Amino acid sequence: MAFAAGILACQLGATLASSEARLVALGVALVSGVLAGWLRRRTWVRCALLAVTAAALGWSWAGWRAELRLADALPAEWEGRDVVLTGVVASLPQDFERGLRFVFEVEEAAAPVPRRLSLAWYAGLRDDETHTVPALHAGERWRLTVRLKRPHGNVNPHGFDYEGWLLQQDLRATGYVRPADANLRLDAFVPGLMNGVERLREDVRARFRQALPDAPYTGVLVALAVGDQRAIAPELWRTFAATGISHLVAISGLHVTMMAALCAAAVGWAWRRVPRLALRWPAQQAAVVAGFVTALAYCLLAGWGVPARRTLFMLGCVALAIAARRETAPSRVLAVALGLVLVLDPWAVLAAGFWLSFGAVALLLFVGSGRLARDGRWREALRAQGAITVGLVPALLVLFQQFSVVSPIANAFAIPLVSFVVTPLAIAYALVPLQMLADLAHAAFALTMLPVRALAELPWAAWQQAAPPPALALAATLGCLWALLPRGTPARWVGLVPLVPLLLWTPPRPAPGEAQVAVLDVGQGLAVHVQTAAHDLVFDTGPAFSADANSGERILLPYLRAAGVRRLDTLVVTHQDNDHAGGAEALLAGIPVATVRSSLPPNHPVRLIAGRRDLPCAAGQAWDWDGVRFTVLHPAQASDAVPRRTNDIACVLRVEAGGRRLLLTSDIEAGAEAELIARDAVGLASDVVVVPHHGSRTSSTPAFIAATRPRWVIYPVGYRNRFRHPNAAVAQRWADAGAGVRRTDAGGAIVFRLGAAPPRLEAARDLAPRYWHGR
């Protein structure tokens, strides 16, 4: 545990320590280890010295591994340039709406590029609309012309850290394949263990898709067989989350253990019936070795995730102990698995699955080990489910800001069906491709989903709240452990008391007369959250990335949930461009919205969904919330006519609090800026301006800049966006006006308080810095 704490301390650091600092830490580890060796007796001093040794070793190990990985970087001067590479497709190719994504391991390159890349191959690129994507398979060797960029992702409060995920996956650059005659398959298959594993996984996935082409749960069976979860629809993931059975459709420790146990039981049964084998090697030892080999094969087939690795190492420790005829405590087995996982992958602590997997097993050991008498299988099962349900509540609220209230009921019938029926059938079909097995597996999971869907539709199925402070979560976790102690422990109920402030906690809101503003990092697009003492407004919703992915689902809803926002009083969708309206439908589906203001066409899906809540934007509309004034400045009047350029009618909103002003300009261009100046030039003066049209050369005229006179300007732009926003001349004009500059591509989300004091703009990358974040 001390070793894990040292690794966690390194991974939470804003910068990496120097080599000299790591040498000092290793010296501390050596000295404390020697002192602990001199103290033969097990005293608290010796334990403390060993903990210092392990923590220093963990911190040094993680820092050294990180330094090596960060050194494998793409030089900045090679971003956006054509590079010819030769290498191997090293992962399952993932198809999406516009092409394929895959991992490419570089063997030769005409430039200094990282060893592993995440590439996309798009159909119909802008400079070649007829371009098609060829069939691509794992293990093939290709020569490709690509354009690369350094790892970069959206950084928002409580958001998914894409750059950290890329680092954990050892993907040190991303890019796309350029249409070129030089793109050529060189070898149909490159021999190698992992290439063979990935090709096998791809073949199994293809067989499932062929056997069940239009079935609703094909993606679930693929996930259970080979660990590929990307074909599971977002709607299904929401159902799994609401009922607490997400762990059953991932390759969890339960599945690995079950497959290993089935194989071990079969080998043990057969071994005992062959006297020569039984006399040569005890059946129990042969069975556990066979179970471990099965678990290893399944973990490789399933993608080698953290829960699978944890289970494999635990099974390996048990198998080794049995083979060596040694007794071993369950807690030591778990500790060995923890150490091995972190030695191989120090970044595992960044994954939610790490905490949930090890936490769940620790809870099971906590409530199940060391008992003098068995209570019966049903009582033990109920105790285990209760421990998981209660004990993981703090972790689930910290990681996901929600937990399932109905999970004990859903898991009671889903665990037996999925673990002992669906998964074995799916694995059997992967091994023996009989259509009957695929049909039975799908039918069994469809049967499982009948009560699961009914539970998910209950209005109280899931508890959602703001992300709690770590101190509250820690206190609640310790309380849960006290409550789960055996009968006879005095006042066990007191352990549940810390859950009350955890479940009732809400983040502080602005005082009356003030507004909290967050210009979110949605890439090349715009999404702004404005919060007053009792109201919430979202101004634009960012882009839709594909048919199944958009910033509303991936960025706005998680952010709002973590911020404790349970309903929106107003949603403003300024115009119909994808980078502003792409996430609106998902937002309307995911959170109650009282009013929708927009300049959208009458037949736009957002207006149709809004229904009676729809209100077109028009200059002069104004309202007050908690001492904060909101005023619509553009367009001049509401109209259902759709102009040739919808930027001309984009909604413009002014927010006033404590004598300070924020101007949200959307995508207006020079013509609309002139109209605003003509109507009320004095009213445009602002402290903070979100720059019109992301800093396009068609906006931010000198007259508009002179009228606004801001202290700060914010550019909501994507990293290396294809429009090259902000335009250099426009940026220079704002700089000449004396405005301070913040950019979402450089700093992530920009947050500030609008009130009596001058606004102080802070970037998400500065508020929660990590050593792998690009600045």
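These remarks concern the structure in this document. Here the residue numbers are simple positions, counted from 1 along each chain's written sequence. Predicted model: local features are reported for residues with pLDDT of at least 70 only, side-chain atom pairs are reported and counted for 80 or more only, and whole-chain, interface and lining totals are derived from all residues. Note that water and hydrogens are dropped before the side-chain values are worked out from all heavy atoms of the structure.

## What about the pairing of strand E6 (residues 174-177)?
Of the pairings in the sheet, the one linking strand E4 (residues 116-122) to E6 comprises three bridges and is parallel in character. Across the sheet, Ser118 pairs through a bridge with Thr174, a residue of E6. In this scheme, strands are said to pair when DSSP sees at least two bridges between them. Numbering of helices and strands runs from the N terminus; a helix is a DSSP stretch of H or I covering at least four residues, while a strand is a stretch of E covering at least two. Summarising the sheet, strand E5 (residues 141-149) and E6 pair through four bridges and their orientation is antiparallel. Bridge pairing in E6 places Lys149 opposite Thr174.

## Comments concerning the pairing of strand E21 (residues 712-715)
Pairing of strand E20 (residues 688-690) with E21 involves three bridges; the strand directions are parallel. In the sheet register, Val689 faces E21, and the bridge partner there is Val713. Read as a crossover between parallel neighbours, the route from E20 over helix H25 (residues 702-708) to E21 is right-handed. Strand direction decides the pairing type here: E21 and strand E22 (residues 740-743), joined by four bridges, are parallel. Residue pairing across strands places Ile714 opposite Arg742, the latter belonging to E22. Here the term right-handed applies to a crossover when the path leading from its first strand over the helix to its second strand runs clockwise, the strands being oriented away from the viewer. Once you follow E21 into helix H26 (residues 728-736) and on to E22, the crossover reads as right-handed.

## Notes on the environment of Gly164
As for its placement among the helices and strands, Gly164 is situated in helix H4 (residues 162-168). The spacing of Gly164 and Trp347 is 183 residues in sequence and 8.5 Å in space, taken between C-alpha atoms.

## Here we look at the packing of aromatic side chains
Between rings of Phe, Tyr and Trp, where Trp is taken as its six-membered ring, a pair exists when centres lie within 6.5 Å; planes separated by under 30 degrees are stacked, by over 60 edge-to-face, and by other angles tilted. Applying the stated criterion across every chain, the model contains 19 aromatic pairs. Considering the side-chain rings of Phe102 and Phe104, the 6.3 Å spacing of their centres and the 80° angle between planes classify their relative orientation as edge-to-face. For the residue pair Phe102 and Phe104, the accessibility class agrees, reading buried in each case. Ring geometry for Trp121 against Trp142: centres 5.5 Å apart, planes inclined by 80°, an arrangement best described as edge-to-face. Highlighted residues: Trp121 in strand E4 and Trp142 in strand E5, separated in sequence by 21 residues. In this scheme, a residue with accessible area under 20% of its type's maximum is buried, one over 50% is exposed, and one in between is partly exposed, where area comes from a 1.4 Å probe on protein chains only. On the basis of relative accessibility, which here comes to 1%, the residue Trp121 falls in the buried class. By relative accessible area, Trp142 is classed as buried at 5%. Clustering of aromatic rings is evident, with ring pairs tying together Tyr217, Trp237, Phe240 and Phe445. Geometrically, a charge over a ring is one whose NZ (Lys) or CZ (Arg) sits within 6 Å of the ring centre while staying within 35 degrees of the ring normal. Over the face of the ring belonging to Trp78 we find Arg81, whose NZ or CZ atom lies 3.9 Å from the ring centre. The side chain of Arg101 reaches across the aromatic face of Phe96, ending 4.0 Å from its centre.

## Comments concerning the sheet that holds strand E23 (residues 750-754)
Here we have eight strands laid out as an open sheet, ordered E15-E14-E13-E12-E11-E10-E23-E24, and mixed in their pairing. At either end of the open sheet lies a strand with only one pairing partner, and these are strand E15 (614-616) and strand E24 (762-763). In this structure, strand E10 (residues 515-519) lies alongside E23, joined through five bridges in antiparallel fashion. From the neighbouring strand, Ala515 faces E23, where its bridge partner is Leu754.

## Concerning the side chain of His152
Relative to the assigned elements, His152 resides in the loop between E5 and H4. For the purposes of these results, a polar contact is taken to be a pair of N or O atoms within 3.5 Å, where, inside protein, one atom must be able to donate a hydrogen and its partner to accept one; residues adjacent in sequence count only when each atom of the pair is a side-chain atom. Of the polar contacts made by the side chain of His152, one reaches the side chain of Arg765; its length is 3.5 Å. Excluding residues that lie within four positions of it along the chain, His152 makes contacts with Tyr162, Glu163, Tyr719, Asp745 and Arg765. Here a residue-residue contact requires only that any non-hydrogen atoms of the pair lie within 4.5 Å.

## Some details on the state of the cysteines
Put simply, a disulfide is two cysteine sulfurs that come within 2.5 Å. Taken as a whole, this structure holds one disulfide when the rule is applied. At a sulfur-sulfur separation of 2.2 Å, the disulfide partner of Cys617 is Cys651. The sign of the 100° torsion about the S-S bond sets the Cys617-Cys651 disulfide as right-handed. Linking Cys617 in the loop between E15 and strand E16 (622-625) with Cys651 in the loop between strand E17 (628-634) and strand E18 (652-657), this pair joins segments that are 34 residues apart in sequence. Classification of Cys617 by relative accessible area gives buried; the value is 2%. No disulfide involves Cys317; its sulfur sits 15 Å from the nearest other cysteine sulfur, which is in Cys299.

## Describing the sheet that holds strand E19 (residues 660-664)
Here we have seven strands laid out as an open sheet, ordered E16-E17-E18-E19-E20-E21-E22, and mixed in their pairing. Edge positions in the sheet fall to E16 and E22, since each has one partner strand and no second. Direction aside, the axes of adjacent strands within the sheet are offset by 20° on average. Direction of pairing for E18 relative to E19: antiparallel, over a ladder of five bridges. Within E19, the residue paired with Ala657 across the bridge is Arg660. This element, helix H24 (residues 670-680), spans E17 and E18 of the sheet and lies at about 120° to E17. Axis definition: a line fit to C-alpha positions, over the contact stretch in the case of helices; interaxial angles, taken between N-to-C directions, run 0 to 180 degrees.

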